[in-house]
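# Examination of the molecular architecture
Below, each chain spelled out in residue letters.
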Amino acid sequence: MGIAELLHAVDGSGEFGVWLGGLDGKPVFEHRSDRTHYSASTMKLPVAIALQRKVAAGELTLDQPVTVHNDFASEAGGRFGVDPAEDEAPATWSRMGTDVPLGWLTAEMITLSSNLATDLVLERVGIAAAHAVLAEYGDGRSAIRRGIDDRAAQAAGISNEMSPAGLAGVLVAVGNQEDAYLRDLLAANQWNGEIPARLPAGTRVEHKNGWDVRIRHDGGVVREPDADPFVLVVCTTSDLPDARAQQLIAEIALVAWEHRHDLGAIR
């Protein structure tokens, strides 16, 4: 089946968005790509870019020590902490109360999607700086407004939103960077149940995914030596079982990969 047929098969189950195109930023296939979803962990990529910018400006360094803690300022006022039961990256928690390099936290944030590491990095970078990255490269609809697990802010309607087109813009920017630092972190992602799942072993996929209740997203740059790289983002907010949502993203990625020599044929 083609991408349109795959999406038609889940019609009525929720909201699904797709952006597919090249590193020139031009889409060849879009499906509701301007509609925002709760971002889940896809917001961690703009956070990493904001950090990269501050390092380049000399405001931060990757080797500077950060004391691991779990107490953060809420965007709704007061304080909050990350729920350890919802963080599937235990290494950061094992360092509680000790100093670790900021660059190590960044790697935990991207490669293992650590929520605690994310809020520690975001505390150094600032929400405004992370949102500015998304505002610059995104589609004007996506936004970063709070840290992970800021429940008070969430209850107050302060949310992180991401559209497929917004995440695609960020991925295009990263994919065109001469510095391979972030691309290598994305390629080292340990959660590979979506875009990489059905691609041939060894395919380089520089991707960041995100998941929550009813949420399963993935966006990445797929690189094969026999074709130009392509960018794919799939966002799902649905009643599908989580494994089925992952399967859908993997199937869409396979169709894109099979058309990598002529993406325009997918239209």
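So, a few notes on the structure that sits alongside this text. (Residues numbered from 1 in each chain as written. Predicted model: local features only at pLDDT ≥ 70, side-chain atom pairs only at ≥ 80, totals over all residues. Heavy atoms only, no water.)

### Here we look at unusual backbone geometry
If you check the backbone angles, alanine 40 has positive phi at about 50 degrees while not being a glycine. With respect to the helices, strands and loops of the structure, alanine 40 is situated in the loop between β3 (37–38) and α2 (44–56). In this structure, serine 113 takes a positive phi of about 60 degrees despite not being glycine. Within the fold, serine 113 resides in the loop between α4 (102–111) and α5 (115–125). (Helix = DSSP H or I, 4+ residues; strand = E, 2+ residues; numbered from the N terminus.)

### Points about the nonpolar core
Ranked by internal contacts, the top residues of the largest apolar core, which has 48 residues, are Leu45, Val121 and Val231. Counting residues per element, this core draws most heavily on helix α8 (residues 164–175), which supplies seven residues. Aside from chain neighbours lying at most four places away, what touches valine 231 is Trp19, Leu20, Gly21, Gly22, Leu23, Ala168, Leu171, Val172, Gly220 and Val221. Judged by nonpolar contacts, the second largest core, of 27 residues, contains Leu7, Leu20, Leu199 and Ala256. (Core = buried A, V, L, I, M, F, W, Y, C linked by side-chain atoms within 4.5 Å. Buried < 20%, exposed > 50% of the residue type's maximum accessible area, 1.4 Å probe, protein only. Contact = heavy atoms within 4.5 Å.)

### Notes on the pattern of salt bridges
Per the stated rule, a full pass over the model turns up 17 salt bridges. One salt bridge in this structure joins arginine 223 and glutamate 206, with 2.8 Å as the shortest N-O distance. Residue arginine 223 is found in strand β10 (residues 215–223), and its partner glutamate 206 is found in strand β9 (residues 204–212); the two are separated by 17 residues along the sequence. On the accessibility criterion, glutamate 206 (1% relative accessible area) is buried. Two residues, arginine 260 and aspartate 226, come together in a salt bridge whose shortest N-O distance is 2.9 Å. Taken together, the residues arginine 260 in the segment after α10 (242–258) and aspartate 226 in the loop between β10 and β11 (230–238) connect sequence positions 34 residues apart. Sharing partners across several salt bridges, the network here consists of Asp184, Arg204, Glu206 and Arg223. (Salt bridge = Lys/Arg side-chain N within 4 Å of Asp/Glu carboxyl O.)

### What about the packing of aromatic side chains?
Using the criterion set out here, one finds two aromatic pairs in the structure. Residues phenylalanine 72 and phenylalanine 80 carry aromatic rings whose centres are separated by 5.7 Å and whose planes lie at 40 degrees to one another, so their mutual orientation is tilted. For the pair shown, phenylalanine 72 and phenylalanine 80 are each scored as buried. When the ring centre of tryptophan 257 is taken as origin, the NZ or CZ atom of arginine 260, which lies over that ring, is 3.8 Å away. (Phe/Tyr/Trp six-rings, centres within 6.5 Å; stacked < 30°, edge-to-face > 60°. Lys NZ or Arg CZ within 6 Å of the ring centre and 35° of its normal.)

### Some points on the sheet that holds β10
Overall, antiparallel pairing links the five strands, which are arranged β2-β1-β11-β10-β9 in an open sheet. For this open sheet the edge positions go to β2 (27–31) and β9, each flanked by a neighbour on one side alone. Taken over all neighbouring pairs, the strand axes of this sheet differ in orientation by 5 degrees on average, direction set aside. Where strand β1 (residues 14–22) and β11 come together, nine bridges link them in antiparallel fashion. Within β11, the position partnered with glycine 21 by the bridge is valine 231. Contacting β1, β10 and β11, α10 crosses the sheet at an angle of about 155 degrees to β11. (Pairing = 2+ DSSP bridges. Axes fitted to C-alpha atoms, helices over the stretch in contact; angles between N-to-C directions.)

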